[in-house]
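Listed here are the chains, written in short residue letters.
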Amino acid sequence: MGIGDVGEFGLIGMISGQFKAPEGVTGIGDDCAVIPQRDGSDTLVSTDMLIEGTHFILDDIGPRDLGWKSAAVNLSDIAAMGGRPTGTFLSMALPKGTSTEWVSGFIEGYRDISDRFGVPLLGGDTTASPDRVCVNVTVIGECPHGQARTRSGAMAGDLVCVTGTLGDSAAGLRLILDGRRGIPCAGYLMDRHHAPLPRIDEGIALAASDGVHAMMDISDGIGSDIRHILSASGCGAAVDLSLIPMSDQLRECCGITGWDAAEIAVTGGEDYELLFTVSPRQEPFLTVAHTVIGKITSEPGLVWKGSDRDLCGFRHF
Ligand code: ADP
Ligand code: MG
């Protein structure tokens, strides 16, 4: 049997089965590890790798955007817990033929997002790669002890909410792959794909809000990501497809291309928006802009509602 047969999560299970997090430490399975410190704070750590050919096509993404995105996807995991990022580490494996212009562009993009969120680069590693670019970023963050929101806190009756709009990034990627960069809304959608904005301030505000029980960032698409909250929390959800927030640009793009906007919004990845659950009593008091899309149920399973279309295509969720 090959690793293709067990899949990404089977593989992670093979690893996590051999290790146990120390008492009080949140280890494998959430957006970040959460490590309590003696001073009453919690340290958050996450790491993410981007490989040429798997996560990006070198000809399709400029070095600045790749630099920005490498940090952004990691900062998003700190946002997912409601933490404040305090530093990053950048490791790069580069083929010998990589130009210094490319490296300068990458560093500029990485510096721009670091400056934007006030997060210093504290170290890393640099090495040669036989043929492909590989970038690995580790991010460290902090929050008051016990304030990090995990995937496991959802409670029956909670409202399911998301920040921002979904599907823009996936549509941007599809436009790039289909060679349709010229359509009117392409610039906005491709920018959402290449230079996502991690929801740091929103995550901090949500983690400080009463009634917010579970939180994660949407990196693989809400259709599969929400299942992590449901399985970690031991509950189910009913989500109304008609409530999934979509941008005017996504709708316009789908009007032109004939693509199914709802399907892209649900199955498309790399939104880096926050998905969270909140008690219905506290939801009206949230200060972070969000959309309620459904409800947590005590019965396990995920039910999609509110679509007049055949939902068979969504059953594999
Ligand atoms: P995210 O999409 O939020 O970055 P992943 O789906 O990549 O999260 O990972 C899920 C969980 O599995 C995380 O807690 C991550 O730290 C852990 N994980 C992934 N790969 C490994 C590995 N090779 N060794 C240990 N833990 C891992
Ligand atoms: Mg994540």
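See the structure shown above.
A brief report on the enclosed structure follows. Because the structure is predicted, anything quoted here is derived from the model rather than measured.

Quick notes on the rules
Residues numbered from 1 in each chain as written. Chains lettered and ligands numbered in written order. Predicted model: local features only at pLDDT ≥ 70, side-chain atom pairs only at ≥ 80, totals over all residues. Heavy atoms only, no water. Helix = DSSP H or I, 4+ residues; strand = E, 2+ residues; numbered from the N terminus. Buried < 20%, exposed > 50% of the residue type's maximum accessible area, 1.4 Å probe, protein only. Contact = heavy atoms within 4.5 Å. Areas by Shrake-Rupley, 256 points an atom, 1.4 Å probe, with all protein chains shown as cover. Donors = N, O, S within 2.8 Å, 3.2 Å for Na, K, Ca; no water. Salt bridge = Lys/Arg side-chain N within 4 Å of Asp/Glu carboxyl O. Pairing = 2+ DSSP bridges. Near = heavy atom within 4 Å. Polar contact = N/O pair within 3.5 Å; in protein donor to acceptor, adjacent residues only side chain to side chain. Nonpolar A, V, L, I, M, F, W, Y, C, P; charged D, E, K, R; others polar. Phe/Tyr/Trp six-rings, centres within 6.5 Å; stacked < 30°, edge-to-face > 60°. Lys NZ or Arg CZ within 6 Å of the ring centre and 35° of its normal. Axes fitted to C-alpha atoms, helices over the stretch in contact; angles between N-to-C directions.

1. Quick look at the overall build of the protein chain
Item 1. When helices and strands are counted, the protein chain shows 9 helices and 11 strands.
Item 2. For the C-alpha atoms alone, the extent of the protein chain along its principal axes is close to 55 × 55 × 45 Å.
Item 3. Expressed as a percentage of the 317 residues in the protein chain, the buried residues total 48%.
Item 4. Contacts in the protein chain between residues at least 24 apart in sequence constitute 83% of all its contacts with a sequence separation of at least 6.
Item 5. Surface summary for the protein chain: the accessible area is close to 14800 Å², and the carbon and sulfur share equals 53%.

2. So, the coordination of the magnesium ion (ligand 2)
Item 1. Protein-derived coordination of the magnesium ion (ligand 2) comes from Asp31 (OD), Asp77 (OD) and Asp217 (OD), at a distance range of 2.0 to 2.1 Å.
Item 2. Sequence spacing among the residues donating to the magnesium ion (ligand 2) works out to D-x45-D-x139-D. Highlighted residues: Asp31 in the loop between α1 (3-16) and β1 (33-36) and Asp77 in helix α2 (residues 63-81), separated in sequence by 46 residues. Asp77 shares its class with Asp31; the two are buried.

3. Section: the pattern of salt bridges
Item 1. All told, the structure shown has 11 salt bridges when counted by the stated rule.
Item 2. Between Arg151 and Asp31 there is a salt bridge; the shortest N-O distance is 2.8 Å. Taken as a pair, Arg151 in the loop between β5 (134-144) and β6 (159-162) and Asp31 in the loop between α1 and β1 lie far apart in primary sequence, 120 residues in all. You'll find Arg151 and Asp31 in the same group, each marked buried.
Item 3. Arg111 is the partner of Asp112 in a salt bridge, and the nearest nitrogen-oxygen pair spans 3.2 Å.

4. What about the pairing of strand β11 (residues 301-305)?
Item 1. Along β11, the buried face is formed by Leu302 and Trp304; none of Gly301, Val303 and Lys305, which line the opposite face, is buried.
Item 2. Relative to β11, strand β8 (residues 236-240) runs parallel, the two sharing 5 bridges. Looking at β11, one finds that Val239 is bridged to Trp304.

5. Some points on the site of ligand 1
Item 1. Every residue near ligand 1 is listed here: Glu8, Phe9, Ile12, Ile15, Ile28, Gly29, Asp30, Asp31, Asp48, Asp77, Arg151 and Ser219.
Item 2. Contacts to ligand 1 include Asp77, whose side-chain N or O atom sits 3.0 Å from an oxygen atom.
Item 3. Residue Arg151 places a side-chain N or O atom 3.3 Å away from an oxygen atom belonging to ligand 1.
Item 4. Burial of ligand 1 by the surrounding chains reaches 65%, relative to a free accessible area of 550 Å².
Item 5. Residue composition of the shell around ligand 1, by class: 4 nonpolar, 2 polar and 6 charged.

6. So, the packing of aromatic side chains
Aromatic ring pairs are reported here in terms of the distance separating the ring centres and the angle at which the planes meet.
Item 1. Scanning all chains against the criterion turns up 2 aromatic pairs.
Item 2. A ring pair is formed by Trp102 and Phe106, whose centres lie 5.6 Å apart and whose planes are at 25 degrees; its orientation type is stacked. With Trp102 and Phe106 both in helix α3 (residues 100-116) and 4 residues apart, this pair spans about one turn of that helix.
Item 3. On the numbers, 6.4 Å between centres and 25 degrees between planes, the contact of Phe106 with Tyr110 is stacked. With Phe106 and Tyr110 both in helix α3 and 4 residues apart, the pair spans about one turn of that helix. Across the pair, exposure class does not vary: Phe106 and Tyr110 are buried alike.
Item 4. Its guanidinium or amino end placed over the ring of Trp259, Arg174 lies 4.6 Å from that ring's centre, counting from NZ or CZ.

7. What to know about the environment of Leu241
Item 1. As for its position among the elements, Leu241 is in the loop between β8 and α8 (248-257).
Item 2. You can call Leu241 buried: its relative accessible area is 4%.
Item 3. In this structure the C-alpha to C-alpha distance between Leu241 and Val303, which are 62 residues apart in sequence, comes to 9.8 Å.

8. Examining the sheet that holds strand β4 (residues 121-128)
Item 1. Taken in spatial order, the 5 strands of this open sheet run β1-β2-β5-β3-β4, and their pairing is mixed. The open sheet has two free edges, formed respectively by β1 and β4, since each of these has just one partner strand. Each strand axis lies, on average, 15 degrees off the axis of its neighbour in the sheet, ignoring direction.
Item 2. By the bridge criterion, 4 bridges tie β1 to strand β2 (residues 41-51) in an arrangement that is antiparallel. Residue pairing in the sheet places Val34 in a bridge with Leu44 of β2.
Item 3. Packed onto the sheet, α2 meets β1, β2, β3 (84-94) and β5 and runs at close to 145 degrees relative to β2.

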